[in-house]
Amino acid sequence: MSRTVYVNGEYLPEEDAKISIFDRGFLFADGVYEVTSVLGGKLLDFDGHAVRLQRSLNELEIKNPISKEDLLEVHRVLVAKNDISDGLVYLQITRGAADRDFAYPKDAEPTIVLFTQAKPGLANSPLADTGIKVISIEDQRWGRRDIKTVQLLFPSMGKMMAKAAGADDAWMVEDGFITEGTSNNAYIVKNGKIITRHLGNEILHGITRAAVLRFAASAQMEVEERAFTLDEVKDADEAFITSASMFVMPVVEMDGDPIGTGKPGSVAVRLREIYLEESLKAAV
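What comes next concerns the included structure. (Residues numbered from 1 in each chain as written. Predicted model: local features only at pLDDT ≥ 70, side-chain atom pairs only at ≥ 80, totals over all residues. Heavy atoms only, no water.)

**Points about the pairing of strand E6 (residues 111-118)**
Regular strands place side chains that alternate from one sheet face to the opposite one. As defined by bridge partners, strand E1 (residues 4-7) adjoins E6 across 2 bridges and the pair is classed as antiparallel. Looking at the pairing, Tyr6 lines up with Leu114 of E6. Across 8 bridges, the pairing between strand E5 (residues 87-94) and E6 is antiparallel. Residue pairing in the sheet places Thr94 in a bridge with Thr111 of E6. (Pairing = 2+ DSSP bridges. Helix = DSSP H or I, 4+ residues; strand = E, 2+ residues; numbered from the N terminus.)

**Let's talk about the packing of aromatic side chains**
On inspection of all chains with the given rule, the structure shows 8 aromatic pairs. Note on Trp171 and Phe228: the rings are 6.4 Å apart at their centroids and 65 degrees apart in plane angle, and the pair reads as edge-to-face. One end of the pair, Trp171, is in strand E8 (residues 169-174); the other, Phe228, is in the loop between strand E12 (223-225) and helix H7 (230-234), and 57 residues separate them in sequence. Relative accessible area serves as the criterion here: at 0%, Phe228 is assigned to the buried category. Grouped by ring-pair contacts, the aromatic residues Tyr33, Tyr90 and Phe115 constitute a single cluster. Directly above the ring of Tyr11 sits Lys81, whose terminal nitrogen or CZ lies 5.9 Å from the centroid. Across the ring face of Tyr104, the terminal group of Arg95 is positioned such that the distance to the ring centre comes to 3.4 Å. (Phe/Tyr/Trp six-rings, centres within 6.5 Å; stacked < 30°, edge-to-face > 60°. Buried < 20%, exposed > 50% of the residue type's maximum accessible area, 1.4 Å probe, protein only. Lys NZ or Arg CZ within 6 Å of the ring centre and 35° of its normal.)

**Notes on the nonpolar core**
Leu39, Ile194, Phe240, Phe247, Val248, Leu271 and Tyr275 are the most contacted members of the largest nonpolar core, which has 27 residues in total. Secondary structure elements with two or more residues in this core: strand E3 (31-39), E5, strand E10 (185-190), helix H6 (207-218), strand E14 (247-254) and helix H8 (266-282). Per-element accounting of this core gives the leading share, 6 residues, to H8. Excluding residues that lie within four positions of it along the chain, Leu39 makes contacts with Leu44, Ser85, Asp86, Leu122, Ala123, Phe247, Leu276 and Leu280. Phe46, Ala50, Ile66 and Val74 belong to the second-largest nonpolar core, a separate cluster that totals 23 residues. (Core = buried A, V, L, I, M, F, W, Y, C linked by side-chain atoms within 4.5 Å. Contact = heavy atoms within 4.5 Å.)

See below:
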């Protein structure tokens, strides 16, 4: 069954959706994106994604072609038209189409595309019970990782490196310190303290990250935002990741060595419960 997608103001069957071969998203990866989770037909953290979208657009000097209110309506229409109970809504905005030139075009109109992906049982992943395995790789991305751009080739390469090593994901290392996972923020827990890298240009300012740290503080868990090393990961009591599609996911192994007991830790398990409970309360 064909999905309904949204392209530049129109709802279309996916097979009829087209953009120009001159679109700068295709030619230069000149665009940004967001992914919003859907649980029970409702959107999680929509406001946070909308705010980060605007920040990314501002950093690249791309005009926002849609208001926050209209964007919410498009999300809701796509969820309804595609009968999404659990899944994802993907949004991409590029600078638009113009003859190929490295300099930004002055008169290009932004391209906006949204589509859904059904993910039945999204909140009940069996990986939450077993935890995931990660490897460490050198972080070879560009320097502005705080902008959520569509240039995701190296993260894709990192996922494939992990797969080839029999792992689920890769944590990237720069100057001896963990930056983040290929599509998620990274955390360790030591003596009950949650440690995650501080915000900056080196990592994405995760929407799930912000919510989880807020919930952790409310639960009177100690949090320290600082860079941590690969050795600290291997000496940690537990570890986990956060992302819009995996929520809070325990990490039980790094480079073939168990982290802590080699099983999901109590802090990650509790944070996942809190995040899902509180986020569903606020879902729209």
